[in-house]
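# Descriptive analysis of the structure
These are the residues of each chain, in order.
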Amino acid sequence: MEILIYAGQLILGFSILVALHEFGHFLPAKLFGMRVEKFYLFFDWPWALVKKKFRGTEYGIGSLPFGGYVKISGMVDESMDADQKERMQKPPEPWEFRAKPVWQRLIVMVGGVTVNVLLAFAIYAMVLFVWGREYLPVKNLTYGVTPSALMKSEGFQDGDMIVDVDGRDPKTLGDVSLGILIDGARSVTVERTDSSGELVRKKIELSANIQERILESNDKLLFSPRFPFYVDSVLANNNAAKVGSFRKGDRIVALDGQPARYFQDFVEAVKDKKGQQVQVTLLREGHQVQVPVDVDENGIVGLQPRSPSEYFTFATERYTLLGSIPAGIKYGWQRLKDNVSSFKLLGSKAGMKQMGGLISMSKAYGPVWVWQRFWEMTAFLSLALAVLNILPIPALDGGHVVFLLYEAVARKPANQKVLEYAQMAGMVFLLSLIIAVNGHDIVKLVTGNL
């Protein structure tokens, strides 16, 4: 069932993004009097699943789900069929793309990217209006944070209270992680209790290559909220349930004699005890109780902790319809800047390994269909699609824009053969990239690293 949910969310989200992106090209082309021969969701190679001709344009759904396209007469594009090549050898007709002024063609080419950005802003505004924004402020982390192993090697400790990141006050732990990985922050100030019990501030200077190390470690979370481990429930069909000695409300305090008063401490401790029996020390009604339990091969005993909401005060921001619009634009603009900044990470070997294809995108949506998360992820992908498409690579919108800017400056179009060869080279590059990232997804899926 999870596979169907993953696939369903990806297909719906991807279809919305691609269809509206192509509509961003289609609409101005029509308004400027260009003849649009085809409008396709997905590529119709080797065949079209569905197609219908209406008012001179063939609308359809292709069989290759890696994008889509509009075929505009008189334009060197990804279709490059025999009819298009033959037409390009003749003088331009008034209704062809190449016959229109450069400024009109530029609007057509940036139309898709523009729609993707506006769509993301609109989705974020809608999400804020319908659901608002609930988050856990860093200042409300009563018990501090649990750093990942990598962050501990940088000098962070369990229980640290994060004060600022490069002099800026982070709102959430997500802001802290983005500040380090995307913005390149190199110092974090924390408050911690020293050996004498006094609260002191310490400025932690991060390694110069911290971004590379984060990507290599593949840490999903750099910091997580720290909270006491009270048992909320015992999961059925797990070893803790088979023992029958755990109860709701038990306070876990140690594992094999080592302190494990916080949930994250317990999780880390049992990871190293896979397939072994451990002694869990807990407090119940003022008495200390020892319970032996086996750890399964996944490093789990089957105890569900109380929800973090019982320990922390979450903040909720609500928006009116009018208030959600500027808030959505502001939030979307920040995510857009993060998208642009993240591209610099792809220049490293570790960064390239983080690239993912359709499987990674489907996993990002989650195994349960939650509409708020679906729309937030779709908005994020819409911005990623916009940034990717505006890159100056032939076969992408950005590549067409470069040639049009050249034409505007040189006052003459680029050589037809150059355009065709550039288009073919771009398509080869993109297809190779698609095969590579999706093949990488398959390898990660098989090896259990996805």
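Here we come to the overall build of the protein chain. Across its full length, the protein chain holds 14 helices and 15 strands. Seen along its three principal axes, the alpha-carbon backbone of the protein chain occupies a region of about 90 × 45 × 45 Å. Taken across its 450 residues, the protein chain has 43% of its residues classed as buried. Contacts in the protein chain between residues at least 24 apart in sequence constitute 64% of all its contacts with a sequence separation of at least 6. In the protein chain, which carries 50 positive and 46 negative side-chain charges, the distance between the mean positions of the two groups comes to 5 Å.

To continue, consider the nonpolar core. Side chains that are nonpolar tend, in soluble globular proteins, to be buried together. Counting 24 residues, the largest nonpolar core has Met151, Phe156, Ile162, Ile180, Val188 and Phe223 as the members making the most contacts within it. Among the secondary structure elements, those contributing two or more residues to this core are helix H4 (149-153), strand S5 (161-165), helix H5 (173-181), strand S6 (187-193) and helix H6 (210-217). Of the residues forming this core, the biggest block, three residues, is contributed by H5. Excluding anything up to four places from it in sequence, Phe156 contacts Pro147, Met151, Val188, Val190, Arg192, Ile204, Leu206 and Phe223.

The next point concerns unusual backbone geometry. With an omega of 5°, the peptide bond between Trp45 and Pro46 qualifies as cis. Mapped onto the elements, Pro46 comes out in strand S1 (residues 36-54). Within the chain, Asn237 stands out as a residue other than glycine whose phi angle is a positive 65°. Mapped onto the elements, Asn237 comes out in the loop between strand S9 (231-234) and helix H7 (239-243).

Glancing now at the sheet that holds strand S13 (residues 287-294). Neighbouring strands of a sheet are bound in pairs by backbone hydrogen bonds; such pairs are parallel or else antiparallel. Ordered in space as S11-S10-S12-S13, the four strands form an open sheet in which the pairing is antiparallel. The outermost strands of the open sheet, each flanked by one partner alone, are strand S11 (258-259) and S13. As paired strands, strand S12 (residues 277-284) and S13 are joined by eight bridges and run antiparallel to one another. Bridge assignment links Gln279 to a residue of S13, and that residue is Pro292.

The next point concerns the pairing of S6. Counting buried positions along S6 yields five of seven residues, so the element is predominantly enclosed. Alignment of S5 against S6, held across four bridges, turns out to be antiparallel. Counted as the bridge partner of Val165 is Val188 from S6. Examined bridge by bridge, S6 and strand S7 (residues 199-205) share seven bridges and lie antiparallel to one another. Across the sheet, Thr193 pairs through a bridge with Leu199, a residue of S7.

If you walk through the whole model with that rule in mind, you get 15 salt bridges. The closest approach of N and O atoms between Arg192 and Asp160, which form a salt bridge, is 2.8 Å. Taken together, the positions of Arg192 in strand S6 and Asp160 in the loop between H4 and S5 put the pair 32 residues apart, joining distant regions of the chain. For Asp160, a relative accessible area of 0% gives the class buried.

Quick look at the packing of helix H3 (residues 102-130) against helix H9 (residues 321-342) now. Orientation of H3 relative to H9, taken along the N-to-C sense of each, is 130°, at an axis distance of 7 Å. By the criterion of interaxial angle, the relationship of H3 to H9 is oblique. The way H3 lies across H9 gives a crossing that is right-handed. Taken together, the residues of H9 that come into contact with H3 (itself represented by Phe121, Tyr124, Ala125, Leu128 and Phe129) are Leu321, Ser324, Ile325, Ala327, Gly328, Ile329, Tyr331, Gly332, Trp333 and Arg335. When the residues that make up the contact of H3 with H9 are grouped by side-chain class, the tally is eleven nonpolar, three polar and one charged.

Turning our attention to the side chain of Gln104. Topologically, Gln104 is positioned in helix H3. Excluding its chain neighbours within four sequence positions, the residues that come into contact with Gln104 are Phe32 and Met34.

Turning next to helix H11 (residues 358-365). Among all positions in H11, only Ser360, Ser362 and Tyr365 are buried. Of the residues trailing H11, Gly366 is marked for its positive phi of about 100°.

Rules used throughout
- Residues numbered from 1 in each chain as written.
- Predicted model: local features only at pLDDT ≥ 70, side-chain atom pairs only at ≥ 80, totals over all residues.
- Heavy atoms only, no water.
- Helix = DSSP H or I, 4+ residues; strand = E, 2+ residues; numbered from the N terminus.
- Buried < 20%, exposed > 50% of the residue type's maximum accessible area, 1.4 Å probe, protein only.
- Contact = heavy atoms within 4.5 Å.
- Lys, Arg positive; Asp, Glu negative; His and termini not counted.
- Charge placed at Lys NZ, Arg CZ, Asp CG, Glu CD.
- Core = buried A, V, L, I, M, F, W, Y, C linked by side-chain atoms within 4.5 Å.
- Pairing = 2+ DSSP bridges.
- Salt bridge = Lys/Arg side-chain N within 4 Å of Asp/Glu carboxyl O.
- Axes fitted to C-alpha atoms, helices over the stretch in contact; angles between N-to-C directions.
- Parallel < 35°, antiparallel > 145°, perpendicular 65-115°, else oblique.
- Left-handed = near helix turned anticlockwise from the far one by under 90°.
- Nonpolar A, V, L, I, M, F, W, Y, C, P; charged D, E, K, R; others polar.

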